[in-house]
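Reading the structure
Chain by chain, the residues run as shown.
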Amino acid sequence: MKKIRRSGRLIDLTNHLIHNPHQLIPLTYFAERYESAKSSISEDLAIIKEIFESQETGLLLTVSGASGGVKYIPTASKVEMRKFLTDLCSKLEDSNRVLPGGYLYMMDIIGNPRLMNEIGRYFATLFANNHVDVIMTMATKGIPLAYAVATYMNVPVCIVRHEHRITEGSLVSINYVSGSTKRIQTMSLAKRSLKEGSNVLIIDDFMKAGGTIKGMINLVEEFQSNVVGTGVLVEADHVEERLVDKYTSMTRLSEVNTKEKLVKVEIGNFFEKLNILKEE
């Protein structure tokens, strides 16, 4: 790379960090990239760190020693997240979204890259210290959200499916009970998708009774791996029996009347979970 001025170096350095989150990058890499002394790179990083933290857009962690370096952790401010989620609740309360069975039409939300990008960053902020190795989700509506989270955590995504796809090779399959219909269903995951001992973050778009998420938890156990967190975009309230109790929801569907097309959506337990993690 051609040697550039400090102003240009700061811009390129910031861009590189943002596009490589949760990755420890040696200072020697930047010193060689910009043909500059490590001391100059350290000064640049101090400036970037100050801006990231003052704007609450991320943390810049430095690790000393021969194998050390710098790592960017994406974050978001509580004020920003609360405003966004309040606006999202208002969008979800549109009476035209009501579907039979107490569900909501959300494809316009899930299909909006900007919205998914923000929600992905917020989940990444919450689970930043959970040592996540892989994001797991259920096909198909959970996929955009899972990839948004994975982008900010810099980890792969594994997709659980109901049907078998020959292109995915041999599978591990389990039966699970749907929490809402009480029917026995099957879910599968390609054997190559998840390594033994992985730390898994489960992400899904909607949770009613939690049967699908409970099934994914059981599937993770079949791979001798660990669930280190569960996040859902919308949880339905007032269900007879919740099959999972450890989860984080962005929003909560507290009331839905299909006859009168009445919808009430509020912020879920996201900030409660965020406060607990901050205290820890």
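The coordinates are above.
Residues numbered from 1 in each chain as written. Predicted model: local features only at pLDDT ≥ 70, side-chain atom pairs only at ≥ 80, totals over all residues. Heavy atoms only, no water.

**With respect to the environment of G268**
Positionally, G268 belongs in the loop between β12 (262-267) and α9 (270-279). Distance from G268 to V155, taken between C-alpha atoms, is 25 Å for residues 113 residues apart in sequence. G268 has contacts with S249, M250, T251 and R252, leaving out every residue within four places of it along the chain. (Helix = DSSP H or I, 4+ residues; strand = E, 2+ residues; numbered from the N terminus. Contact = heavy atoms within 4.5 Å.)

**What to know about the packing of helix α4 (residues 78-92) against helix α6 (residues 113-126)**
One way to put it is that α4 packs onto α6 with a least axis distance of 11 Å and a crossing angle of 135°. When the axes of α4 and α6 are compared, the pair comes out oblique. The interaxial crossing formed by α4 with α6 has left-handed handedness. Contacts from E80, M81, F84 and L88 in α4 reach L115, E118, I119, R121 and Y122 in α6. Residue composition of the contact of α4 with α6, by class: six nonpolar, no polar and three charged. (Axes fitted to C-alpha atoms, helices over the stretch in contact; angles between N-to-C directions. Parallel < 35°, antiparallel > 145°, perpendicular 65-115°, else oblique. Left-handed = near helix turned anticlockwise from the far one by under 90°. Nonpolar A, V, L, I, M, F, W, Y, C, P; charged D, E, K, R; others polar.)

**Looking at the nonpolar core**
I119, I135, M153, L233 and F270 are the most contacted members of the largest nonpolar core, which has 48 residues in total. Per-element tally for this core: the top contributor is helix α7 (residues 143-153), with eight residues. With near-sequence residues (within four places) excluded, I119 lies in contact with F84, L88, L145, L233 and M250. Counting 23 residues, the second-largest nonpolar core is a separate cluster that includes I213, L219, V232 and V244. (Core = buried A, V, L, I, M, F, W, Y, C linked by side-chain atoms within 4.5 Å. Buried < 20%, exposed > 50% of the residue type's maximum accessible area, 1.4 Å probe, protein only.)

**Topic: a nonpolar patch on the surface**
Where nonpolar side chains cluster on the molecular surface, the patch consists of L99, Y103, Y105 and M107 and spans about 340 Å² of accessible area. Tracing the chain through its elements places L99 in strand β3 (residues 98-99). (Patch = residues over 30% accessible without salt bridge, like charges linked within 9 Å, V, L, I, M, F, W, Y side chains within 5 Å. Areas by Shrake-Rupley, 256 points an atom, 1.4 Å probe, with all protein chains shown as cover. Salt bridge = Lys/Arg side-chain N within 4 Å of Asp/Glu carboxyl O.)

**Comments concerning the pairing of strand β1 (residues 58-63)**
Strand direction decides the pairing type here: β1 and strand β2 (residues 69-74), joined by six bridges, are antiparallel. Bridge assignment links L61 to a residue of β2, and that residue is K71. Counting the residues that bridge the hairpin from β1 to β2 gives five residues, and of these G65 lies at a positive phi of roughly 105°. (Pairing = 2+ DSSP bridges.)

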